[in-house]
Amino acid sequence: LGVIFYEILAGSPPFQGDFPEETIYMQRNCEHIPLRKRDRKISQSISNIVDKMLAKLPEHRFQTVEDFLNRLQLEKYLQSTKEIRAREYRGIEPTR
């Protein structure tokens with residue numbers, strides 16, 4: 001699932017060898033380029049989520065779909081509160 005998210009956001013897979021065996025080797029032994037380094041428009045928090053999804057060790061990944069969805073919800077909430085604080089700072093009324 002992490003590879004799919006990475007490819008959707010980056011426009012290319014995290015590992016891409018010249019032949020399938022090379023890609024498998026890279027996936028097992030190499031670190032991917034973090035999304036944030038590939039595209040500065042991708043938030044650090046989303047980059048971190050995808051990094052966790054692509055972790056080599058299973059215990060470093062999300063353990064359940066619920067854990068993953070909870071993290072996404074938290075990031076969505078944090079992003080919305082940042083936007084509200086930014087509007088308040090600039091004196092802009094939030095829309096509902």
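In the block above lies the structure referred to throughout.
First, a word on scope: everything that follows refers to the structure included in this document. (Residues numbered from 1 in each chain as written. Predicted model: local features only at pLDDT ≥ 70, side-chain atom pairs only at ≥ 80, totals over all residues. Heavy atoms only, no water.)

### Details of the pattern of salt bridges
Side-chain pairs of opposite charge can arise whenever the charged atoms involved come near each other. For clarity, the cut-off: Whenever a carboxyl oxygen of Asp or Glu lies within 4 Å of a side-chain nitrogen of Lys or Arg, that contact is scored as a salt bridge. In this text, helices come from DSSP runs of H or I with a minimum length of four residues, and strands from runs of E with a minimum of two, each type numbered from the N-terminal end.
Evaluated as defined, the whole model comprises one salt bridge. When the shortest N-O distance is used, the salt bridge between Arg71 and Glu75 registers 3.2 Å. Taken together, the residues span about one helical turn, with Arg71 and Glu75 both in helix α5 (residues 65–90) at a distance of four residues.

### Focus: the packing of aromatic side chains
Put simply, the rule reads: Stacked, edge-to-face and tilted are the three classes for Phe, Tyr and Trp ring pairs, Trp counted by its six-membered ring, which pair at centre distances within 6.5 Å; planes under 30 degrees apart are stacked, over 60 edge-to-face, the rest tilted. Here, a charge over a ring means that NZ of Lys or CZ of Arg falls within 6 Å of the ring centre while also lying within 35 degrees of the ring normal.
Tallied over the entire structure, the rule returns two aromatic pairs. Taken together, a centroid distance of 5.5 Å and an interplanar angle of 75 degrees make the contact between Phe5 and Phe68 edge-to-face. With Phe5 in helix α1 (residues 2–10) and Phe68 in helix α5, the pair connects residues that are 63 residues apart, well separated along the chain. Look at Phe62 and Phe68: their rings are 5.6 Å apart centre to centre, the planes differ by 70 degrees, and that puts the pair in the edge-to-face class. Grouping aromatic residues by their ring pairs yields a cluster made of Phe5, Phe62 and Phe68. One residue, Lys52, lies across the ring of Phe62, its end atom 5.1 Å from the ring centre.

### Here's the deal with the packing of α1 against helix α4 (residues 44–53)
Operational definition: Axis definition: a line fit to C-alpha positions, over the contact stretch in the case of helices; interaxial angles, taken between N-to-C directions, run 0 to 180 degrees. Crossing handedness is read from the near helix: turned anticlockwise from the far helix by less than a right angle, it gives a left-handed crossing, and turned clockwise, a right-handed one. Contacts are residue-level and defined by heavy atoms, with any inter-residue pair within 4.5 Å sufficient. Note on residue categories: nonpolar means Ala, Val, Leu, Ile, Met, Phe, Trp, Tyr, Cys or Pro, charged means Asp, Glu, Lys or Arg, and polar means any other residue, Gly included.
Interaxial distance between α1 and α4 falls to 8 Å at its minimum, and their mutual angle equals 145 degrees. The chirality of how α1 crosses α4 is left-handed. Contacts between α1 and α4 involve Gly2, Phe5, Tyr6 and Leu9 from the former and Ile46, Val50 and Met53 from the latter. The class makeup of the residues in the contact of α1 with α4 is six nonpolar, one polar and no charged.

### Description of the side chain of Ser45
What counts is decided by this rule: We call two N or O atoms a polar contact when they sit within 3.5 Å, provided that within protein one can donate a hydrogen and the other can accept it, with sequence-adjacent residues counted only if both atoms are side-chain atoms.
On the secondary structure map, Ser45 appears in helix α4. One polar contact links Ser45 to Glu75, side chain to side chain, over a distance of 3.1 Å. Filtering out sequence-adjacent residues up to four positions away, Ser45 remains in contact with Arg71 and Glu75.

### Considerations on the environment of Leu9
Examined against the element boundaries, Leu9 turns out to sit in helix α1. It is 9.8 Å that separates the C-alpha atoms of Leu9 and Arg38, two residues lying 29 residues apart in sequence. Contact partners of Leu9, with chain neighbours within four places excluded, come to Leu35, Ile42, Ile46 and Val50.

### Observations concerning the nonpolar core
Our working rule: In plain words, nonpolar cores are sets of buried Ala, Val, Leu, Ile, Met, Phe, Trp, Tyr and Cys residues tied together by side-chain atoms within 4.5 Å. Residue exposure (1.4 Å probe, protein chains only): buried if accessible area is under 20% of the type maximum, exposed if over 50%, otherwise partly exposed.
Ranked by size, the top nonpolar core spans five residues in total: Tyr6, Leu35, Ile42, Val50 and Leu54. Apart from the residues within four sequence positions on either side, Tyr6 is in contact with Gly11, Ser12, Pro13, Pro14, His32, Ile33, Leu35, Arg38, Val50 and Leu54.

### Here we look at the side chain of Ser12
If you trace the backbone, Ser12 turns up in the loop between α1 and α2 (20–29). Among the polar contacts listed, one links the side chain of Ser12 to the side chain of Arg38, at a separation of 2.5 Å. Each residue touching Ser12, except ones within four places of it in the same chain, is listed here: Tyr6, Glu7 and Arg38.

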